[in-house]
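# An overview of the molecular structure
Listed below, chain by chain, are the residues.
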Amino acid sequence: MRRRADSLTVEHDRTVTTLQKDPTLSASRLKHSQKAASSRKENDLGTDTKTEMRIGSRRRSRLLNRIKKAALWILAVYISIPFVIKLCPAIQAKLVFLNFVRVPYFIDLKSPQDQGLNHTWNFYLQPEETITIGAWHTVPAILWKEAQGKGHLWYEETLASGFPIILYFHGNAGTRGGDHRVQLYKVLSSLGYHVVALDYRGWGDSEGAPSERGMTTDAIYIYSWLRERCGKNSIYIWGHSLGTGVATNVVRQLCEKDTPPGALILESPFTNIREEAKSHPFSLIYRYLPGFDWFFLDPITESGIIFPNDENVQHITCPLLILHAEDDAVIPFHLGRKLYDIVASSRSSRKVRFIPFRKDLGYRHKYIYKSPQLSQILREFLGDPINHH
C-alpha cells in the first residue's frame, strides 16, 4: 500500500510540473489524470476487501464444519448410551446406587469426632460371614459430657437408658458421614434421640457389593442388634431418598412378623424405583424416547432393584410420617404425595401423616433438617423423647 501511495504521489507531482511548464494544458487533462489515480486506488481497496471476505468465508466454513462434527459426535453418544445400558445392566445399577461417589472425600469414618460428633461411637457389625458394615451411634445431646472418653460398652449400655432410638437409612451416594446427614444426626440428638446410622455393604468402609437384597439384609440385622440391647425403648426407623426403599422393605417384614417398630418416617420418598428413575432429572433427555422403559427401566428390574414402596406401605401397620419438600428436584414432590394417597386410601386405622414443605423454604431434596418446625412435628407424631426417659 505504501508503494502504491508513493506511485500516486509521483504521478501527481509530474502532473503539477507539466502544468507549470505548459499553462495552456486543459483542465480536462488534469481532471482525467485525477480520475485515473482515484480509480486505481479504488481498485486496490476493492482487491483488499475481496481478500478479507475470502478469508472470513474460509473461517466461517471451518467453524461450521467443527460444529457439524461436534453435533454428529453428540448425536452418536446420545444414540449409543441406551444400547450400552441395555447390554450392560450393571451400569444402570451403578447409577441407581452411586455408592462409588464418596462425598465428602478424605473423611475418616473411624473418627466421627472430626465431623463435630463428639458424642458418637464408630463400630462394625457382621451381618454375613464375609460382610462387615460400618455404623455410627450418636447418643442424645443430654449425655454429651458423660460420653467423653467412653468406649463401646458404655455406648451399648446407653441404648437401654430410656431415650428412644432412631435408626437412619441414608440414600444413594456418599457415606454415613455426609454433611446433610451429620446435620440431621445433630438435630435429632439435640431433641433427645439416640441416632444409629449405617453404611450398607459397598458404601463407605463397609465391605461387599451393593444390592437391594444385601442392603435390606444389613438393615434388618442392625435393627435386630439394637432390639437385643435397647430393652423397652422404642425404635423408630427413618429412611431418606433411596433409604426409604430400604426402610419400607424392613418395616414390611417386621410388621408381617408382628414385630413392628415404633414408627416409620420417610423423608423425600418415591413410589417405586421405576417411577423414580423415570421422574429423575437425568432421564429428561430420554424420557420421551420410544422404548425408554425397555432401554432404561427394564435393566434396573433385571438387576433385582425394585424398592416397591407403593406395595410395602400397604402392609405396614405402624404409624407412618412422610416428609417432602415441594422443590425437591431429585425425587419430585408428586411421588411423595402419591405414596401418601396410596396409604390414605387403604383401609387401615394406623396413624398416617403427610407434611409438605413449601417451595419458597428452599429445603429441596436433603435440607428438611433445617426446618424450625421439625422438632415440633416429631414431638407431635412420636411424643416427647425426654418423657420416654
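Report on the accompanying structure. Not measured: the values here are computed from a predicted model.

Another point: the overall build of the chain. Within the chain, the regular secondary structure consists of 14 helices and eight strands. Burial analysis of the chain (389 residues in total) assigns 44% to the buried set. The contacts in the chain between residues at least 6 apart in sequence include a share of 74% that link residues at least 24 apart.

This next bit is on the sheet that holds strand β6 (residues 263-267). One open sheet holds the eight strands; their spatial order is β1-β2-β4-β3-β5-β6-β7-β8, and the pairing between them is mixed. Each edge of the sheet is formed by a strand with only one pairing partner; in this case those strands are β1 (120-128) and β8 (352-357). Each adjacent strand pair in this sheet contributes to an overall mean axis angle of 20°, direction not counted. By the bridge criterion, six bridges tie strand β7 (residues 320-325) to β8 in an arrangement that is parallel. Paired with L323 across the two strands is I355, which belongs to β8. Taken strand by strand, helix α7 (residues 212-227) contacts β1, β2 (131-138), β3 (165-169), β4 (194-198) and β5 (235-240), and its axis lies near 120° from that of β1. Contacting β3, β5 and β6, helix α8 (residues 242-256) crosses the sheet at an angle of about 145° to β5.

Once that is clear, we can look at the packing of aromatic side chains. Scanning all chains against the criterion turns up 17 aromatic pairs. Judged by centre distance (6.5 Å) and plane angle (55°), the ring pair of Y105 and F106 falls under tilted. You can call Y105 exposed: its relative accessible area is 55%. Overall, the relative accessible area of 87% leaves F106 in the exposed class. Ring plane angle 75° and centroid distance 5.3 Å describe the contact between Y200 and W203, whose orientation is recorded as edge-to-face. Overall, Y200 belongs to the buried group, its relative accessible area being 0%. These aromatic residues form a ring-pair network of at least three members: F83, W294 and F295. A cation sits over an aromatic face here: K150 above W154, 5.8 Å from the ring centre. Its end group placed over the ring of F381, K351 keeps NZ or CZ at 4.7 Å from the ring centre.

We now examine the pattern of salt bridges. As enumerated under the stated definition, the model contains 15 salt bridges in all. Residues D218 and R201 are paired through a salt bridge, measuring 2.7 Å at the closest nitrogen-oxygen approach. Here D218, found in helix α7, pairs with R201, found in the loop between β4 and α7; they are 17 residues apart in sequence, far enough to count as distant. The pair formed by D218 and R201 is uniform in burial state, with each residue classed as buried. Salt bridges linked by common partners bring E128, R201, R213 and D218 together as one network.

What follows deals with the nonpolar core. Counting residues in each nonpolar core, the largest one holds 57 residues, and the members touching the most others are F97, F169, I237, L264 and F307. Among the nonpolar cores identified, the runner-up in size contains 31 residues, and F357, L374, F381 and L382 belong to it.

Here we come to helix α13 (residues 374-382). Every buried residue belonging to α13 is among L374, S375, I377, L378, F381 and L382, and all of these are buried. All buried residues of α13 lie within an arc of 160° about the axis, which places them on one face of the element. Just past α13, the residue G383 takes up positive phi, approximately 95°.

Residues R54, R58, R59, R62, R66 and K69 make up a contiguous surface patch of positive charge. Accessibility expressed as a relative area gives 63% for K69, which makes it exposed.

A few words on the layout of surface pockets. Put simply, the largest pocket is a space of about 1,000 Å³. As for the largest pocket, its lining consists of 40 residues, of which L98, N172, H280, F282 and V330 are closest to the centre. At the level of elements, α2 (27-87), α3 (89-97), α6 (179-190), α9 (273-279) and α10 (292-302) are the ones that each hand at least two residues to the lining of the largest pocket. Per element, the largest residue contribution to the lining of the largest pocket is four residues, and it comes from α10.

The rules behind the values
Residues numbered from 1 in each chain as written. Predicted model: local features only at pLDDT ≥ 70, side-chain atom pairs only at ≥ 80, totals over all residues. Heavy atoms only, no water. Helix = DSSP H or I, 4+ residues; strand = E, 2+ residues; numbered from the N terminus. Buried < 20%, exposed > 50% of the residue type's maximum accessible area, 1.4 Å probe, protein only. Contact = heavy atoms within 4.5 Å. Pairing = 2+ DSSP bridges. Axes fitted to C-alpha atoms, helices over the stretch in contact; angles between N-to-C directions. Phe/Tyr/Trp six-rings, centres within 6.5 Å; stacked < 30°, edge-to-face > 60°. Lys NZ or Arg CZ within 6 Å of the ring centre and 35° of its normal. Salt bridge = Lys/Arg side-chain N within 4 Å of Asp/Glu carboxyl O. Core = buried A, V, L, I, M, F, W, Y, C linked by side-chain atoms within 4.5 Å. Arc of directions from axis to C-beta. Patch = residues over 30% accessible without salt bridge, like charges linked within 9 Å, V, L, I, M, F, W, Y side chains within 5 Å. Areas by Shrake-Rupley, 256 points an atom, 1.4 Å probe, with all protein chains shown as cover. Lys, Arg positive; Asp, Glu negative; His and termini not counted. Charge placed at Lys NZ, Arg CZ, Asp CG, Glu CD. 1 Å grid on protein atoms, 1.4 Å probe; cavity = no way out; pocket = protein on both sides within 12 Å on 5 of 7 lines; lining within 4 Å. Points joined across faces, edges and corners; volume = space filled by probe spheres on them.

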